[in-house]
Every structure is written in C-alpha cells, then in structure tokens.
Amino acid sequence: MKKILFLIAFFNLQFSIFNPLNAQNIQLHYDFGRNIYTGAEASRSKVTITLEQFKADSWGSWYYFVDVDLSSHFTESAYTEISREFKLGKTTPFAAHIEYDGGLSRNGSFQQAGLIGGAWNGHNADFSKTYSVQLLYKQFFKSYNNTRSYASAQLTGVWGLNFLNRKLTFSGFIDFWRGEKSNGHGCLVILSEPQLWYNFTPHFSVGTEWEFSNNFVYNSDPTSSATFFWNPTIALKWNM
C-alpha cells in the first residue's frame with residue numbers, strides 16, 4: 001500500500017475487540033490506488049499483507065506491524081514499525097514512547113527513522129473505545145544516496161471504536177510530521193488511515209481502509225503536481 005520515499009505507515013494502537021491486552025491479526029488488502037491515479041501511482045502495489053501485534057505488560061506495551069507489498073512477480077517491499085511504551089505511573093495515562101521505522105524494497109530501502117517522546121493513552125472499562133495522542137521527536141537517517149539525515153517532529157492521534165454489539169469496528173490514526181522535498185525544502189506531511197470492519201466472528205472480519213495523504217505518496221507522473229491522494233482498499237482480517 002505504501003510506495004513512497006519516506007514510508008511512515010501506521011502506528012495503530014489496535015486492540016483486539018475481544019482480548020485488549022494481547023492482540024494479533026493478519027490482514028490482506030487489495031488496493032485501488034493504481035486504478036484511481038493511473039499515472040501518478042502507476043507503480044503502486046495492488047496487494048498488501050499486514051501482520052500486527054499489540055501486547056501489554058506490567059511495564060507498558062509493545063506494538064509492531066509489518067507491511068509486505070506484493071506484485072504478480074515479486075515481493076516488492078517489507079516495511080515495519082516497532083514501538084515500546086513505558087508507563088510513567090500506575091494510574092497516570094501518560095507513557096514514554098520509543099519507536100523504530102524502516103524497511104527494504106526490491107529496489108533498495110526505505111528511509112529509516114527513530115522516534116522518542118510522550119504518549120497520552122486512554123480507554124473505557126471494556127476497551128470498546130480507545131485513544132492515544134503522541135508527540136514525538138523524529139530523527140531521519142541517511143539510508144541511501146538520495147536521502148540525508150535530518151531532525152523532525154511528529155504528532156499522532158490513534159482511535160478505536162467498537163459498536164453495534166461489537167459487530168462493527170472503526171479504528172485508525174492520523175500523523176502530522178515535517179518532511180523534506182527532493183529539493184531540500186521542508187513540508188508538512190499528513191497521513192491518515194481510517195479502517196472500518198464488520199466482524200462476522202471473533203476471528204474473521206471484512207472491511208476497508210482509506211488512506212488519505214498529502215506530501216506523502218511519491219508522484220510518478222511528470223505532468224502532475226498533485227500532492228493529495230486517496231487510496232481505498234477492500235480487506236480481510238483474521239484475529240488470532
């Protein structure tokens with residue numbers, strides 16, 4: 001789903017709708033972006049497999065996901081984000097957050113980044129409603145010839161909502177961070193990926209993800225100056 005120079009994909013504090021302390025799922029997405037933007041996103045992968053896990057413990061929580069983009073001939077790329085949060089007290093909603101983002105593609109690598117900062121997390125009694133707000137210092141590292149190391153900052157909001165007797169799940173995130181264009185000028189990057197799932201069973205869900213972004217997707221059409229893109233998917237999910 002993410003064919004770009006800077007790939008910062010979603011940190012989604014996605015609790016399982018049935019076990020909020022240890023949740024793991026695998027998702028299969030068919031992406032329509034290449035059909036919508038035939039020039040600008042001509043190289044965008046149509047199929048992505050996502051594996052993600054959230055695990056809480058006495059210290060805080062772990063979260064990771066791996067996105068694997070597939071074509072009809074190759075595994076095009078694999079991108080991961082791994083984060084750790086440490087609770088700052090037994091009852092406080094605040095936590096310290098550290099994170100690594102990076103991955104490899106068939107033609108090279110994604111630009112790596114490290115993040116550190118604070119998070120404000122909350123939920124209701126049965127975890128049917130969850131939220132997280134994170135303010136993070138972000139350091140990009142020189143990862144290949146056309147990149148350079150530079151400092152940035154990121155603001156992230158994450159949400160999860162289960163309703164209709166847990167038959168529907170609405171979850172997602174929104175990120176804001178300072179990126180850099182190819183000419184070295186700074187820009188505001190916005191990325192949001194809301195998801196809507198219908199849960200047929202405690203394990204099996206069918207749904208969709210809508211990726212909204214600005215200054216995020218690499219535009220491969222030399223005749224277009226577009227920076228905003230909408231990339232919807234249709235998806236299956238298996239909760240383990």
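Below you will find a few notes about this structure. (Residues numbered from 1 in each chain as written. Predicted model: local features only at pLDDT ≥ 70, side-chain atom pairs only at ≥ 80, totals over all residues. Heavy atoms only, no water.)

Re the overall build of the protein chain
Thinking step 1. What the protein chain contains, in helices and strands, is one helix and 14 strands.
Thinking step 2. For 240 residues, the compact-globule formula gives about 18 Å, and the C-alpha radius of gyration of the protein chain, at 18 Å, lands near that figure.
Thinking step 3. On the principal axes, the C-alpha backbone points of the protein chain span a range of 50 × 40 × 25 Å.
Thinking step 4. Restricting the contact set of the protein chain to residue pairs at least 6 apart, pairs at least 24 apart contribute 52%.
Thinking step 5. Looking at the protein chain as shown, the accessible area adds up to about 11,600 Å², and 66% of this sits on carbon and sulfur atoms.
Thinking step 6. Each charge sign in the protein chain was given a centre, from 19 positive and 18 negative side chains, and these centres are 3 Å apart. (Helix = DSSP H or I, 4+ residues; strand = E, 2+ residues; numbered from the N terminus. Rg over C-alpha atoms; globule rule 2.2 N^0.38 Å. Contact = heavy atoms within 4.5 Å. Areas by Shrake-Rupley, 256 points an atom, 1.4 Å probe, with all protein chains shown as cover. Lys, Arg positive; Asp, Glu negative; His and termini not counted. Charge placed at Lys NZ, Arg CZ, Asp CG, Glu CD.)

Things to note about a nonpolar patch on the surface
Thinking step 1. A cluster of nonpolar side chains, contributed by Leu-88, Phe-94, Trp-120, Tyr-131, Val-133, Leu-135 and Leu-155, occupies part of the molecular surface with about 690 Å² of accessible area.
Thinking step 2. Looking at the nonpolar patch, the element that brings in the most residues is strand E8 (residues 129-140), giving three residues.
Thinking step 3. For Leu-88, the position within the fold is in the loop between strand E4 (75-87) and strand E5 (94-105). (Patch = residues over 30% accessible without salt bridge, like charges linked within 9 Å, V, L, I, M, F, W, Y side chains within 5 Å. Salt bridge = Lys/Arg side-chain N within 4 Å of Asp/Glu carboxyl O.)

Some words on the pairing of strand E3 (residues 60-70)
Thinking step 1. By the bridge criterion, ten bridges tie strand E2 (residues 47-56) to E3 in an arrangement that is antiparallel. Counterpart to Thr-48 in the pairing with E3 is Asp-69.
Thinking step 2. The antiparallel hairpin formed by E2 and E3 contains three residues in its connecting segment.
Thinking step 3. Two elements, E3 and E4, share eleven bridges in a ladder whose sense is antiparallel. Note on E4: the bridge partner recorded for Val-66 is Thr-80.
Thinking step 4. Adjacent in sequence and paired antiparallel, E3 and E4 are bridged by four residues. (Pairing = 2+ DSSP bridges.)

Thoughts on the environment of Phe-229
Thinking step 1. Counting through the fold element by element, Phe-229 comes out in strand E14 (residues 228-239).
Thinking step 2. Once residues lying within four places of it in the same chain are set aside, the contact partners of Phe-229 are Tyr-37, Ala-40, Glu-41, Glu-211, Phe-212, Ser-213, Val-217 and Asn-219.

What to know about the nonpolar core
Thinking step 1. Grouped together as the largest cluster of nonpolar side chains are 13 residues, with contacts concentrated most on Phe-140, Trp-177, Val-189, Leu-191 and Phe-216.
Thinking step 2. At three residues, the largest contribution of residues to this core is made by strand E11 (residues 186-192).
Thinking step 3. If you look at the next biggest cluster of nonpolar residues, it comprises five residues, including Phe-54, Tyr-63, Tyr-79 and Phe-110. (Core = buried A, V, L, I, M, F, W, Y, C linked by side-chain atoms within 4.5 Å. Buried < 20%, exposed > 50% of the residue type's maximum accessible area, 1.4 Å probe, protein only.)

Details of the pattern of salt bridges
Thinking step 1. Evaluated as defined, the whole model comprises eight salt bridges.
Thinking step 2. Across the pair Glu-41 and Arg-44 runs a salt bridge, and its minimum N-O distance is 3.2 Å. In terms of burial, Glu-41 and Arg-44 fall into one category: buried.
Thinking step 3. For Glu-211, the salt bridge identified is with Arg-44, shortest N-O distance 3.4 Å.

Some details on the pairing of strand E9 (residues 150-163)
Thinking step 1. Here E8 pairs with E9 via twelve bridges, running antiparallel. Note on E9: the bridge partner recorded for Phe-140 is Tyr-150.
Thinking step 2. By the bridge criterion, ten bridges tie E9 to strand E10 (residues 168-180) in an arrangement that is antiparallel. Among the inter-strand pairings, Gly-160 is bridged to a residue of E10, identified as Ser-171.
Thinking step 3. With antiparallel pairing between neighbouring strands as the criterion, E9 and E10 make up a hairpin whose turn holds four residues, including Leu-164 at a positive phi of roughly 55°.

These figures capture arrangement, not role.
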